[in-house]
Amino acid sequence: MQNAPESSLVGVEYEVEVGPVAHGGHCIARTEEGRVLFVRHALPGERVVAKVTEGEETSRFLRADAITVLDASKDRVEAPCPFAGPGRCGGCDWQHAKPGAQRRLKGEVIAEQLRRLAGLTPEEAGWDGTVMPAEGDKLPAGEVPQWRTRVQYAVDTDGHAGLRRHRSHEVEVIDHCMIAAPGVSELGIEKRDWEGMASVEAIAASGSGDRQVVLTPRPGAQLPIVELDKPVSILRVHEKDGSVHRVHGRPFVRERADDRTYRVGNGGFWQVHPKAAQTLVLAVMQGLMPRKGETALDLYCGVGLFAGAIADRVGDQGAVVGIESGKRAVEDARHNLADYPRVRIEQGKVESALPRTRITDVDLIVLDPPRAGAGKQTVKHLAGLGARRIAYVACDPAALARDIAYFRDGGYRVRTLRAFDLFPMTHHVECVAILEPAEKGR
C-alpha cells in the first residue's frame, strides 16, 4: 500500500500563546494539538493568530507568521519600517520590539545555546547576561540605528532593487532601507533601473568616504552605465567563477580601526556596523592582554584586523601568523601589515593551512570563524598549542557554544564572555569569549 501524499498546512491559521524566543528570529508556540510553531513577528507572552508559511502534516515543526496580535506584549512597538511584517522584507527580525527588548531576547538566545550545547550557565561563562548596544545605537523606541554599511540588494525581473523576503527568492521592492547607513542611502540604489542585474551590493566605508557598488549581472546581460548620486567605484561579479573585477574606480575601500587604515578589496569582508571593528578589537585586546615578545595566531584573519592589533602590542620581538582562505583578502592583509616584518599571512583553509605551519606552541590565539564555527578538529588542534589565552569572536551563538564544548574537552574553559548588539533589528548578535587553560585560577 502506497503512503498517502503529504498534506501541506501552508495557510492554516492557529490561535496560540507565544512562548520563549528561539535562535533564528522567531518564538516558539504550540497548537492545541501539540504542534510546534516557529512564529515570526511575535513576542514572548503574546496571544496571536499565526498563519503557517512552511510545513506539512508530517513536519516536525511548522513555520508561521503572527498575522493578528490578540494580546500584545508591553515590549511591542509599531514596526518603524513600512516594508517589515508578515510576508514582507526578511532583512529584519525584531522591528516590532523595543530596542531594549531586542537585546534581552538576544541575551536569552545566547543563554539558551550555552546551556543546551555547552552545559554552561551565564555565570559559569563569565557573562553578566547583558547584550551591549554599540556606541550611538541606544535610541528611543521608534527610532532605528542607520548602521548597515553594506547592503546586498536583490533585483527583480523588471530591474527594481529590493530585499529578499524571509526564506524566499522573491524580492520585496523598497524605496529606502531604514537600517542602511547614510553613505549607502545617499547612493540612491533604489531609485534607478537595474535591468539585467541579479543583485547590486552597495558599500559605504565607515573609515573613509569611499563608496563602492558591486554588480552581479544575470547570465548574458550587459552592464548598465552607472550614474549615481555620489562618486563611486564600480565592480562586477563574473558569472562563470564568481570572481570580482574592477570596472572603474578603486578596487578597494579604506576602513579604519585601532588607529590603522585597512584596505578591503573587491567587496571583501569587513564588519558591517560602523562601530563593530573598533568594538571587537578592544574586546579582544582587553581579553588577551598581549605582552611584548609573545607569539600569536589569527585564524580566519580576513584583511588583518586582529593580526594588526596584536602585532602592534607584542612589538618587534613578537610574532603573528594569520591564516585566511580568500586570495584577495590575503593580498590585502599582507599590504595592510607590510610594516610589521614579524607578521606572516598564510593562504588556505584553516583546517589544512594550520598543520602546514608546523607551529607547535603559541601564546595567544584569535579566531573569528564563519557562521558554522571552527569545528571539532580545528578546536582540538588549537587546544594542543598551549595558548595562555584564546579569543573566540562569534557571529552565531550556537556555533560558539558547540566550539566552547570542544575546547572544554581540550582542557580550556571560558574566562569571560561579552555580547554586543552589532546588528540592531535583526536576530544576529556578536560575542567575544576569552578562554584559558582550565587548571588556571580565575
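So, how was this worked out
- Residues numbered from 1 in each chain as written.
- Predicted model: local features only at pLDDT ≥ 70, side-chain atom pairs only at ≥ 80, totals over all residues.
- Heavy atoms only, no water.
- Helix = DSSP H or I, 4+ residues; strand = E, 2+ residues; numbered from the N terminus.
- Rg over C-alpha atoms; globule rule 2.2 N^0.38 Å.
- Buried < 20%, exposed > 50% of the residue type's maximum accessible area, 1.4 Å probe, protein only.
- Contact = heavy atoms within 4.5 Å.
- Areas by Shrake-Rupley, 256 points an atom, 1.4 Å probe, with all protein chains shown as cover.
- Core = buried A, V, L, I, M, F, W, Y, C linked by side-chain atoms within 4.5 Å.
- Axes fitted to C-alpha atoms, helices over the stretch in contact; angles between N-to-C directions.
- Parallel < 35°, antiparallel > 145°, perpendicular 65-115°, else oblique.
- Left-handed = near helix turned anticlockwise from the far one by under 90°.
- Pairing = 2+ DSSP bridges.
- Polar contact = N/O pair within 3.5 Å; in protein donor to acceptor, adjacent residues only side chain to side chain.

### Things to note about the overall build of the protein
Counting its regular elements, the protein contains eight helices and 22 strands. For 442 residues, the compact-globule formula gives about 22 Å, and the C-alpha radius of gyration of the protein, at 23 Å, lands near that figure. Taken along the three principal axes of its C-alpha coordinates, the protein extends 65 × 60 × 55 Å. Across the 442 residues of the protein, 52% fall into the buried class. Restricting the contact set of the protein to residue pairs at least 6 apart, pairs at least 24 apart contribute 63%. Accessible surface, the protein as shown: approximately 20100 Å² in total, 49% of it carbon and sulfur.

### Digging into the nonpolar core
Tyr153, Ile189, Trp194, Val200, Val213 and Val284 are the most contacted members of the largest nonpolar core, which has 76 residues in total. In terms of residue count, the dominant contributor to this core is helix H3 (residues 276–288) (eight residues). Among the nonpolar cores identified, the runner-up in size contains 39 residues, and Ile323, Val350, Ala353 and Tyr412 belong to it.

### Things to note about the packing of H3 against helix H4 (residues 305–314)
Describing two packed helices takes the angle between their axes plus the distance from one axis to the other. In the contact formed by H3 and H4, the axes pass within 10 Å of each other and the chain directions differ by 45 degrees. The orientation of H3 with respect to H4, classified from their angle, is oblique. Along this stretch, H3 crosses H4, giving a crossing that reads as right-handed. Along the contact surface, H3 presents Ala277, Leu280, Val281, Val284, Met285 and Leu288, while H4 presents Leu305, Phe306, Ala309, Ile310 and Arg313.

### What to know about the sheet that holds strand E12 (residues 233–237)
Read across the open sheet, the seven strands follow the order E9-E8-E7-E10-E11-E12-E13; overall the sheet is mixed. If you trace the sheet from one side to the other, it starts and ends with strand E9 (171–173) and strand E13 (244–248), each paired once. Strand-to-strand twist in this sheet, taken as the mean axis angle between neighbours without regard to direction, amounts to 35 degrees. Pairing of strand E10 (residues 197–204) with strand E11 (residues 211–217) involves seven bridges; the strand directions are antiparallel. Residue pairing across strands places Ala204 opposite Arg211, the latter belonging to E11.

### Here we look at the pairing of strand E8 (residues 161–164)
Sheet topology note: the strand E7 (residues 150–155)/E8 ladder contains two bridges and is antiparallel. Bridge assignment links Val155 to a residue of E8, and that residue is Ala161. Hairpin connection of E7 to E8: five residues between the antiparallel strands, including Gly159 at a positive phi of 90 degrees. The pairing of E8 with E9 spans three bridges and is classified as antiparallel.

### A closer look at the side chain of Asp75
By the element assignment, Asp75 lies in the loop between strand E5 (62–71) and helix H1 (99–118). By relative accessible area, which is 17% here, Asp75 ends up buried. A distance of 2.9 Å separates polar atoms of two side chains, one belonging to Asp75 and the other to Arg104. The residues touching Asp75, leaving out its near neighbours within four places in the chain, are Leu43, His96, Ala97, Lys98, Ala101 and Arg104.

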